[in-house]
Amino acid sequence: MKDSAARALLSGASELQGIAGQGTAQTVTREPLFGDVAHYRFKLQVGPDTHDTITVHRVVKERLPWVPARAGRAVFMVHGDGWGFDAAFLSSVGSAFVPADQSIAAYFAKEGVDVWGIDLRWVGVPAQTALFDFMAQWNLGSHAQDVGTGLLLARALRLGGGNVGGSMHLLAWSRGVVVSLAYLNSEARLPRGLRQVDGFIPVDMAVRHAPAHAQQQQWACERHAALKQKRDAGTVEGGVLGPAPGVVLQLIGGLAATAPQALSPIFPEDIFGPGTGHPTNRKAAVIAAAATSALFAPLPALSPGYHFMGGVPDATGLPNSLSYTHEGYLFEFAQRAVPFQSLNEVLESEEWTCGANDVPFDDRLSTVTLPVLYVGAGGGVGEYGAHTLSLLSSTDATTLIVRDLPEAQRALDFGHADLFLANDARQRVWQPVLQWMRAH
C-alpha cells in the first residue's frame, strides 16, 4: 500500500508538472506526526540547475496512511527570510519544549484544514556551498512562479483526492508577503477560472508605506541602496544581515542551548552600548530575538523597535528574558535557520517598498479583489504593514494587530515571530485566522 500510494502521488505530481511546463517531481515522502495527521513532502525540479528545486509540503489528516482525508478548507503558506516551511510553520514537531501540535500548520491540520506550503529554492542550498552563480537568476519573479507551481500542485492533488470545490487561501509571513503579492500580480493576468487563490492572509510585512510613515519608506530605500552595492559588486547570496545570516543564527542558537553561561564569541563586550558588558551565549540569543533592530545596524530595521520576540529588559536596558515565547523554543528555532538566501529577492523587495523605481510586480495588483486579512505584531511590522492592503481593490479587508502595549512601548510588545511561536499564539493569532478562513 505504502509503495503503490507513494508512486501514484509521485506520478501524479510529475504529470502535473509536465503539463504545467514547470519541471518534474523528484521524490515524495510521508512522515506521521501525531494522531491521524501526517506530513508529505514533494521535491520538485523547477529549473535546469541542480539547485533549482523547491519542496512543496502538505500537512493533513488521513483516512489511511498515504490517503489524505477530504477537507473543504485549504491554505498554502509562504515563509519569509531565514527559515523554511518546517521551522516557520511546523516548528513544534520534534521540539523538546512544546507539544507536537503547538505550531500553526499542525494546529490547522488538526482542525481539519488541508495545509500546504513551500520551501523556496534557497532553503535547500547546502551549508558547504562556496559558489553561488546559480542564484544569479533567482528573484521575486522566479520565486513567485515557484509559488504558483506549488499552488497548482496543491489544487490538482486535492482535486484528485476528491476535494471538489472548497477554498485555497494564501498565507504569507514576512518577506513571503512580497513574494506572494508578486504571485497575485501575475495571477491577476489569468482568466478567473485559472486562478488558484481564494483569499489572502499577509502576516507582518509592509510593501510600500502610508504617507504618515514616510520615514519607514526611506529606511527601505537605505536598505535597498546598501544591498544594491553588494549586488553590483557581484554578490548574489545573503540579505540585510549579511552573506550567510542563517549560519550566524544557527551558531547563536547552538551556543545558547549548549553553553548558555559562557561568554559569547559572537558579540564582544559593550557591543550594544557602553556599560552593557559582555553577554553570555544565552543573553546573546535573547538580545538577537528581543532587540532584533540592533542586528540591522548600521542599516535601519523594518519598523521602530522591530524585534522577533517580545522581551523584558534588565538594568542596562537590554532584554534579559522573553515575554511570550519559551526560551528553549527560541534556541531551537535559531538552530533551524537555513544558511543562505537569494540576495535578488531581498534587493527587489526593498526596491518595491522604497518606491523610487518602477517594479514589474504591481501593475495588476489594483485589479485583485480577493478577501484579505492582514495580521500584524505590535512589536514587529504591525500597523506599518496595514497600508499594503491599499495596493489591492478588496472590499473585504480585515486587520488584526496583536499587541499589549501602546505605540511608545512597541520595542517590548508582541514580536514578529511571537505570532507563530508564542505560548498563547494559538488563542491570539491562529484561532482568529482559522475563523476568518472558515468564514471565507
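Residues numbered from 1 in each chain as written. Predicted model: local features only at pLDDT ≥ 70, side-chain atom pairs only at ≥ 80, totals over all residues. Heavy atoms only, no water.

Digging into the overall build of the protein chain
Next, step 1: The number of helices and strands found in the protein chain is 13 helices and twelve strands.
Next, step 2: Relative to the globule expectation of 22 Å for 440 residues, the C-alpha radius of gyration of the protein chain, 21 Å, shows essentially globular dimensions.
Next, step 3: Considered along the principal axes of its C-alpha atoms, the protein chain spans approximately 65 × 45 × 45 Å.
Next, step 4: Looking at the protein chain as a whole, 58% of its 440 residues are labelled buried.
Next, step 5: The contacts of the protein chain with a sequence gap of at least 6 include a subset with a gap of at least 24, amounting to 72%.
Next, step 6: Carbon and sulfur atoms make up 55% of the accessible area of the protein chain, which amounts to about 16,500 Å² in all.
Next, step 7: One way to put it: in the protein chain the 32 positive side-chain charges average out to a point 7 Å from where the 40 negative ones average out. (Helix = DSSP H or I, 4+ residues; strand = E, 2+ residues; numbered from the N terminus. Rg over C-alpha atoms; globule rule 2.2 N^0.38 Å. Buried < 20%, exposed > 50% of the residue type's maximum accessible area, 1.4 Å probe, protein only. Contact = heavy atoms within 4.5 Å. Areas by Shrake-Rupley, 256 points an atom, 1.4 Å probe, with all protein chains shown as cover. Lys, Arg positive; Asp, Glu negative; His and termini not counted. Charge placed at Lys NZ, Arg CZ, Asp CG, Glu CD.)

With respect to the packing of helix H5 (residues 175-187) against helix H11 (residues 343-354)
Next, step 1: Packing of H5 against H11 leaves a shortest axis separation of 10 Å and a crossing angle of 80 degrees. By the angle class used here, H5 and H11 are roughly perpendicular. Of the residues in H11, those in contact with Arg 175, Val 178, Val 179, Leu 181 and Ala 182 of H5 are Glu 345, Val 346, Ser 349, Glu 350 and Trp 352.
Next, step 2: Per-class residue counts for the contact of H5 with H11 are six nonpolar, one polar and three charged. (Axes fitted to C-alpha atoms, helices over the stretch in contact; angles between N-to-C directions. Parallel < 35°, antiparallel > 145°, perpendicular 65-115°, else oblique. Nonpolar A, V, L, I, M, F, W, Y, C, P; charged D, E, K, R; others polar.)

Here we look at the pattern of salt bridges
Next, step 1: All chains considered together, the criterion is met by 25 salt bridges.
Next, step 2: Here Asp 101 makes a salt bridge to Lys 110, at a shortest N to O gap of 2.6 Å.
Next, step 3: Judged by relative accessible area, Lys 110 falls into the partly exposed class, the value being 39%.
Next, step 4: Residue Arg 403 is joined to Asp 413 by a salt bridge in which the shortest nitrogen-to-oxygen separation is 3.9 Å. Within this pair, whereas Arg 403 is found in the loop between strand S12 (397-402) and helix H12 (418-421), its partner Asp 413 is found in the loop between S12 and H12, the two being separated by ten residues in sequence.
Next, step 5: Linked through salt bridges whose partners overlap, the residues forming this network are Glu 383, Arg 403, Glu 407, Arg 410 and Asp 413. (Salt bridge = Lys/Arg side-chain N within 4 Å of Asp/Glu carboxyl O.)

A look at empty space enclosed by the protein
Next, step 1: Taken as a whole and assessed by the stated rule, the structure comprises three cavities of 30 Å³ or more.
Next, step 2: Around the largest cavity, the lining is made up of 32 residues, and of these Asp 81, Trp 83, Leu 241, Leu 249 and Phe 308 lie nearest the centre.
Next, step 3: Elements with a minimum of two residues in the lining of the largest cavity: helix H7 (245-258), helix H8 (281-290), helix H9 (293-296) and helix H10 (327-335).
Next, step 4: Broken down by element, the lining of the largest cavity gets its largest block of residues, four residues, from H7.
Next, step 5: For the lining of the largest cavity, a count of residues per class yields 21 nonpolar, nine polar and two charged.
Next, step 6: What the second largest cavity holds in volume is close to 60 Å³.
Next, step 7: When contributions to the lining of the second largest cavity are tallied by element, the ones reaching two or more residues are helix H6 (214-232) and H11.
Next, step 8: Looking at the lining of the second largest cavity residue by residue, the classes come out as four nonpolar, three polar and two charged. (1 Å grid on protein atoms, 1.4 Å probe; cavity = no way out; pocket = protein on both sides within 12 Å on 5 of 7 lines; lining within 4 Å. Points joined across faces, edges and corners; volume = space filled by probe spheres on them.)

Looking at the packing of aromatic side chains
Any two aromatic rings considered together are summarised by their centre-to-centre distance and by the angle between their planes.
Next, step 1: Summed over the entire model, instances satisfying the criterion amount to 17 aromatic pairs.
Next, step 2: Centre to centre, the rings of Phe 296 and Tyr 306 are 6.0 Å apart; their planes meet at 90 degrees, and the pair counts as edge-to-face. Of this pair, Phe 296 sits in helix H9 while Tyr 306 sits in the loop between H9 and strand S9 (311-313); the two residues are ten residues apart in sequence, bridging distant segments of the chain. For the pair Phe 296 and Tyr 306, one class covers both residues: buried.
Next, step 3: Ring-pair connections join several aromatic residues into one group, and the members of that group are Trp 83, Phe 296, Tyr 306, Phe 308 and Phe 333. (Phe/Tyr/Trp six-rings, centres within 6.5 Å; stacked < 30°, edge-to-face > 60°.)

Structural notes on the environment of Ala 214
Next, step 1: With respect to the helices, strands and loops of the structure, Ala 214 is situated in helix H6.
Next, step 2: Along the backbone, Ala 214 and Ala 154 are 60 residues apart, and their C-alpha atoms lie at a distance of 39 Å.

Topic: H8
Next, step 1: Most of H8 sits inside the fold, with ten of its ten residues counted as buried.
Next, step 2: Buried within H8 are the following residues: Asn 281, Arg 282, Lys 283, Ala 284, Ala 285, Val 286, Ile 287, Ala 288, Ala 289 and Ala 290.
Next, step 3: Contacts made by the buried residues of H8 are with H7, H9, S9, strand S10 (319-322) and H10.

What about the nonpolar core?
Next, step 1: With 132 residues, the main nonpolar core has Phe 76 and Phe 108 as its most contacted residues.
Next, step 2: Apart from the residues within four sequence positions on either side, Phe 108 is in contact with Val 75, Met 77, Val 113, Val 115, Leu 171, Trp 430, Val 433, Leu 434 and Met 437. (Core = buried A, V, L, I, M, F, W, Y, C linked by side-chain atoms within 4.5 Å.)

Side note on the pairing of strand S5 (residues 73-78)
Next, step 1: Among the six residues that make up S5, five are buried, leaving the element largely enclosed by the rest of the structure.
Next, step 2: Where S5 and strand S7 (residues 167-173) come together, six bridges link them in parallel fashion. From the neighbouring strand, Phe 76 faces S7, where its bridge partner is Leu 170.
Next, step 3: Two elements, S5 and strand S6 (residues 114-119), share five bridges in a ladder whose sense is parallel. When the sheet's bridge partners are listed, Ala 74 is paired in S6 with Asp 114. (Pairing = 2+ DSSP bridges.)

Examining the environment of Leu 159
Next, step 1: Tracing the backbone shows Leu 159 in helix H4 (residues 140-160).
Next, step 2: A relative accessible area of 53% places Leu 159 in the exposed class.

Here we look at the pairing of strand S3 (residues 53-64)
Next, step 1: For S3, the tally of buried residues reaches nine of twelve residues, placing the bulk of the element in the interior.
Next, step 2: With nine bridges connecting them, strand S2 (residues 37-45) and S3 associate as antiparallel partners. The residue bridging Arg 41 from the neighbouring strand is His 57, located in S3.
Next, step 3: The pairing of S3 with S6 spans five bridges and is antiparallel. Residue pairing in the sheet places Val 59 in a bridge with Val 115 of S6.
Next, step 4: When S3 meets strand S4 (residues 67-68), the two strands line up antiparallel, connected through two bridges. Residue Leu 64 lies in a different strand from S4, and its bridge partner there is Val 67.

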